[in-house]
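A look at the structure
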Amino acid sequence: MDFDVAFLVSTFVKLVDAVPMTLALFAASVSLGALFALGITYCRVSGGLLLSTFARAYVFVFRGSPLLIQMFLIYYGLGQFPAVRHSLFWPVLRDPFSCAVLALALCTAGYQAEIMRGGLQAVPAREIEAGRAAGMSGLLLFRRIIAPIAIRQALPAYSTEVILMVKSTALASLVTVWEVTGTAQRLISQTYRTMEVFLVATLIYLLINFIIVRLMAFAEYRLSPHLRERPDPASGGGRQGEVHG
Amino acid sequence: MADAPVPAISVRNIHKSFGQHEVLRGISLDAHDGDVISILGASGSGKSTFLRCINLLETPDEGEITVAGEAIAMKRNRAGSLVPADRKQVDRIRSELAMVFQSFNLWSHMTVLQNLIEGPVHVLKRPKAECVAEAEALLEKVGLAERRNYYPAHLSGGQQQRAAIARALAMQPKALLFDEPTSALDPELVGEVLKVMRSLAEEGRTMLVVTHEMAFARNVSDRVMFLHEGVVEADGAPEDIFTNSESERFRQFIGGFQA
């Protein structure tokens, strides 16, 4: 295989053009998925039997079936029903980008809900009890004690899920969204240079994920001074003790 | 003369069962301002459960609790068990009765100083600058001023418990509830915590102390209550009860500690 730098560079430029679409799919589906996940987690941990059964079933279905099939069902499947085509949702469900985001969001919501539940379960009961004993309850207790501890516990698993989602956006190419992988396939069908194009695409995904991994690691570092080394007594604890009321 | 002073804490006829097991079988107590009452008993005697019923961390099955003259409103739910009638009142009463736990229960994601101002700022809604100044004075008092920016995980057990006591004091409570505050500590760390508790007793704080520290019960408290199988088996001033209690069980209990 010739090592054609000019071709690699031009491919890189073309694929970088598709990066905004990949990022848009990623950002929209992860945040929408997080909203769904909050609702599912709420049903699971504080709902009655009916709500928690719904939450379990949701997680089972969306975690247990292939994302690609979920996406096909939403994009190609739903349009077969006249009721859907005549409904309020048709402008959303006929649009490939919206369908891809919806499928990605519904799927990640199942995983994110389980990650959130794990984070909540890892909050020590005695720290919650100390909150109650100080007169906290409801939202105040959740906001000040439960959520901050749960988020810290959930963050490592959450970063993994976020990285998986960057890669999952590639599936949107199969419902005609021109993100990085879709664009790469189009280039291949024009040039037949599979190896080079996919290598460049891989490089782009690695770059995106490198940035995301660094960001998540930074967030984790900032949120967990209590898990790091004991501060140097001479410095009086350094600057980590800023009081954020 | 005016009427008899209103007790800081008044508890009437508390009953509590866990399943079939009746842990508390009718316990009453009046604690007046400045009283230091030690609650003793073998493990399983119900002493911690009794303390936790006072701020409703456990809901009693029967009984009445009054804090500074204000009765905690209770009602019966459909199953017939007693439940608090007004959650807001319970939250407020809890903020007036600070608790110190056996395993400290400091909030792990906050520094010592943040632990101290959390309740005053977010529950009592007091100005933060004022709370920080008070918290620093309290940390000075318990000997942790230079540790104020440490996280609980970076402190020894004794330091954590002193921080937890300072956190309780930061709420400016009407009374302090101590649930076996030294039981989770290494023996060499017990002294520093007892010293702080003794200084609180000397400044006239109202304290209910569930403990196994016989010397504290005997030398610091005004009154000793001995629970056995969910009832008050012996009760009185320490100088009387430790020298000539009528209760054979209590004599056996303290005998076990002297051995």
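Residues numbered from 1 in each chain as written. Chains lettered and ligands numbered in written order. Predicted model: local features only at pLDDT ≥ 70, side-chain atom pairs only at ≥ 80, totals over all residues. Heavy atoms only, no water.

1. Here we look at the sheet that holds strand S12 (residues 231–236) of chain B
Residue and element names in this part refer to chain B. Put simply, the test is: We treat two strands as partners when DSSP finds at least two bridges between them. Numbered from the N terminus, helices here are DSSP runs of H or I no shorter than four residues, and strands are runs of E no shorter than two. Interaxial angle, 0 to 180 degrees, is taken between N-to-C directions of lines fitted to C-alpha atoms, where a helix line uses only the stretch in contact. Contacts were defined at the residue level, with two residues in contact if any of their heavy atoms lie within 4.5 Å.
Strands sit in the order S8-S9-S10-S3-S11-S12 across an open sheet of six strands; the sheet is mixed. The two strands at the open ends of the sheet, each matched to only one other strand, are strand S8 (97–100) and S12. On average, adjacent strands in this sheet sit at an angle of 20° to one another, irrespective of strand direction. With five bridges connecting them, strand S3 (residues 36–41) and strand S11 (residues 223–228) associate as parallel partners. If you follow Ser38 over to S11, its bridge partner there is Val224. Lying over the sheet, helix H1 (residues 47–54) contacts S3, S8, strand S9 (175–179), strand S10 (207–210) and S11, oriented at roughly 150° with respect to S9. Contacts between helix H2 (residues 87–96) and the sheet are confined to S8 and S9, with S8 contributing the most and set at about 65° to the helix.

2. As for the interface of chain B and chain A
Rules: Using a 1.4 Å probe, buried area is obtained as the accessible area two parts lose upon being combined, added over both of them. Within this document, salt bridges are pairs made up of a side-chain nitrogen of Lys or Arg and a carboxyl oxygen of Asp or Glu, the two lying within 4 Å of each other. Under this definition, polar contacts are N or O atom pairs within 3.5 Å; protein pairs additionally need one hydrogen-donor-capable and one acceptor-capable atom, and for neighbouring residues in sequence, both atoms have to be side-chain atoms. Under the convention adopted here, Pro, Cys and the residues Ala, Val, Leu, Ile, Met, Phe, Trp and Tyr are nonpolar, Asp, Glu, Lys and Arg are charged, and Gly plus all remaining residues are polar.
Each partner contributes to the interface: chain B provides 31 residues, whereas chain A provides 34 residues. Together chain B and chain A conceal approximately 2900 Å² of surface at their shared face, both sides included; 55% is due to carbon and sulfur atoms. Taken as a group, Trp107, His109 and His154 of chain B account for 23% of the area that chain B buries against chain A, more than any other trio of residues on that side. At the junction of chain B with chain A, the criterion picks out two salt bridges. Between Glu118 of chain B and Arg144 of chain A there is a salt bridge; the shortest N-O distance is 2.7 Å. Summed over the shared surface of chain B and chain A, the number is seven residue pairs in polar contact (both at pLDDT 80 or more). For the side of chain B that touches chain A, the secondary structure elements donating two or more residues are H2, S8 and helix H3 (112–122) of chain B. Grouping the constituent residues of the side of chain B that touches chain A by class yields 14 nonpolar, eleven polar and six charged.

3. Here's the deal with the sheet that holds strand S4 (residues 62–67) of chain B
If you trace the four strands from one edge of the open sheet to the other, you get S2-S1-S4-S5 (chain B), paired in antiparallel fashion. Both edges of this open sheet fall to strand S2 (21–31) and strand S5 (70–71) of chain B, since each of them pairs with a single strand only.

4. Focus: the UniProt feature "domain: ABC transmembrane type-1" (unreviewed entry) in chain A
Here is the rule: UniProt positions are given in the numbering used here, feature names are shortened, and annotations may be inferred rather than shown by experiment.
Feature annotation in UniProt places "domain: ABC transmembrane type-1" (unreviewed entry) on residues 15–216 of chain A, given in this structure's numbering. With 83% helix and 0% strand, the stretch residues 15–216 of chain A has end C-alpha atoms that lie 25 Å from each other.

5. Some thoughts on the pattern of salt bridges
All names here are of chain B. Basically, it comes down to this: Working definition: with a 1.4 Å probe on protein chains only, accessible area under 20% of the residue-type maximum means buried, over 50% means exposed, and in between means partly exposed.
In this structure the tally under the stated criterion is 23 salt bridges over all chains. A salt bridge links Lys47 to Glu180; the nearest nitrogen and oxygen atoms lie 3.7 Å apart. Of the two residues, Lys47 sits in helix H1 while Glu180 sits in the loop between S9 and helix H6 (187–202), which places them 133 residues apart along the sequence. Here Glu203 and Lys141 are joined by a salt bridge, their closest N and O atoms 2.9 Å apart. Of this pair, Glu203 sits in the loop between H6 and S10 while Lys141 is found in helix H4 (residues 128–141), placing the two residues 62 residues apart along the sequence. Given the relative accessible area of 43%, Glu203 is considered partly exposed. Judged by its relative accessible area of 37%, Lys141 falls in the partly exposed class. Within the structure, one salt-bridge network assembled from shared partners comprises Glu70, Arg92, Glu96 and Lys174.

6. Things to note about the UniProt feature "transmembrane region" (unreviewed entry) in chain A
Residues and elements named next belong to chain A. As annotated by UniProt and renumbered to match this structure, "transmembrane region" (unreviewed entry) occupies residues 20–45, 57–76, 88–111 and 197–219. Secondary structure across residues 57–76 divides into 90% helix and 0% strand, with the first and last C-alpha atoms of the span separated by 24 Å. For residues 88–111, the end-to-end C-alpha separation is 29 Å, with 83% helix and 0% strand making up the annotated structure.

7. Considering the pairing of S9 of chain B
Residues and elements named next belong to chain B. Cut-off, in case you're wondering: Whether a crossover is right-handed comes down to one check: with the strands pointing away from the viewer, does the path from the first strand over the helix to the second run clockwise; if it does, it is right-handed.
Most of S9 sits inside the fold, with five of its five residues counted as buried. Along S9, one buried face is formed by Ala175, Leu177 and Asp179 and the opposite face, lined by Leu176 and Phe178, is buried too. The pairing of S8 with S9 spans four bridges and is parallel. Across the sheet, residue Met99 finds its bridge partner in S9, namely Leu177. In this sheet, S10 lies alongside S9 in parallel orientation, the contact comprising four bridges. Within the sheet, the bridge partner assigned to Asp179 lies in S10 and is Val210. The parallel pair S9 and S10, bridged by H6, forms a crossover whose chirality is right-handed.

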